[in-house]
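Reading the structure
So the chains spell out like this:
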Amino acid sequence: MTWISGPLVAFDLETTGTDVENDRIVTAALVRLEPDGAVSAERTWLLDPGVAIPEQASAIHGISTGHAREHGIPAPSGVEEIARDVAEVLRSGTPLVVMNARYDLSLLDRECRRYGLESIGERLGGEPSPVIDPLVIDKHVDRYRKGKRALHALCAHYGVSLDDAHDARADAVAAARVVRRMAERHRPVGAMALTDLHDLQVRAAAAQSASLQAYLRRTTDPAAVVEPSWPLIPRSR
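Cut-offs used in this document
Residues numbered from 1 in each chain as written. Predicted model: local features only at pLDDT ≥ 70, side-chain atom pairs only at ≥ 80, totals over all residues. Heavy atoms only, no water. Buried < 20%, exposed > 50% of the residue type's maximum accessible area, 1.4 Å probe, protein only. Helix = DSSP H or I, 4+ residues; strand = E, 2+ residues; numbered from the N terminus. Contact = heavy atoms within 4.5 Å. Polar contact = N/O pair within 3.5 Å; in protein donor to acceptor, adjacent residues only side chain to side chain.

All of the buried residues along helix α6 (residues 134-141) are Pro134, Leu135, Val136, Ile137 and Asp138. Packed against the buried residues of α6 are β5 (96-97), β6 (131-132), α7 (151-158), α8 (168-185), α9 (187-191) and α10 (194-219). Put simply, Asp133 is the residue that caps the front of α6, since its side-chain oxygen is 2.9 Å from the backbone nitrogen of Leu135.

This is the structure we're talking about:
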């Protein structure tokens, strides 16, 4: 029995921006998918992030500052619930699918620090695992394919529907379905033990970061620094 024959839980955030150190969670979703792809359980959150949501972010996910303030739960309690439920999934050994895990899990980590809450790692007594990141795996198994690697592009490549993109629930469901298709197409990935797959992604993400950093230094920014750590960017002091 391999991991693709069991359930997956997918996690996604929509936020105020792309800076893991300073931006905030606006919406979140945890969705459990069974081996046939059916959704069997889900939980979603809308938070009042405590700051204004930039218009650029609202244009992407559709949540305005006014809507979040009126309908969202306070950020500290929302972050606690999200961190608790994510840790519970990982503690159970169920794979957690996170598209671009380095971003979502790091931002959640910083939100926990912001409000004096236990991080996922502190709740688990170690790094978040097992995590499956379709972005890292796709770059590893199909390194030279041209084109974008955003979720909508992966959905198109692997034949997965993505309705209501940039809705946290929709993106989470799509990411989990992409991972299954990916594992079916690239059978050695689907056959790996979860611990081995997690370790492979750590190595693959580091190699991908090194390649990107070298490219940036050759072309646009000689001083570029690309974070190699996965699935979490280490906290700055």
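Along the polypeptide, Gly72 turns up in the loop between α2 (65-71) and β4 (73-74). Residue classification places Gly72 among the buried positions, given a relative accessible area of 17%. Taking the C-alpha atoms as reference, Gly72 lies 35 Å from Asp138; in sequence the two are 66 residues apart. When sequence neighbours within four positions are dropped, the list of residues in contact with Gly72 reads Leu46, Leu47, Asp48 and His67.

Here Arg102 lies in helix α4 (residues 101-114). Given a relative accessible area of 17%, Arg102 falls into the buried group. At 3.3 Å, the side chain of Arg102 forms a polar contact with the side chain of Ser209. Of the polar contacts made by the side chain of Arg102, one reaches the backbone oxygen of Pro228; its length is 3.3 Å. Dropping the residues within four chain positions of it, Arg102 is found in contact with Asp133, Ala205, Ser209, Glu227, Pro228, Ser229, Trp230, Pro231 and Ile233.

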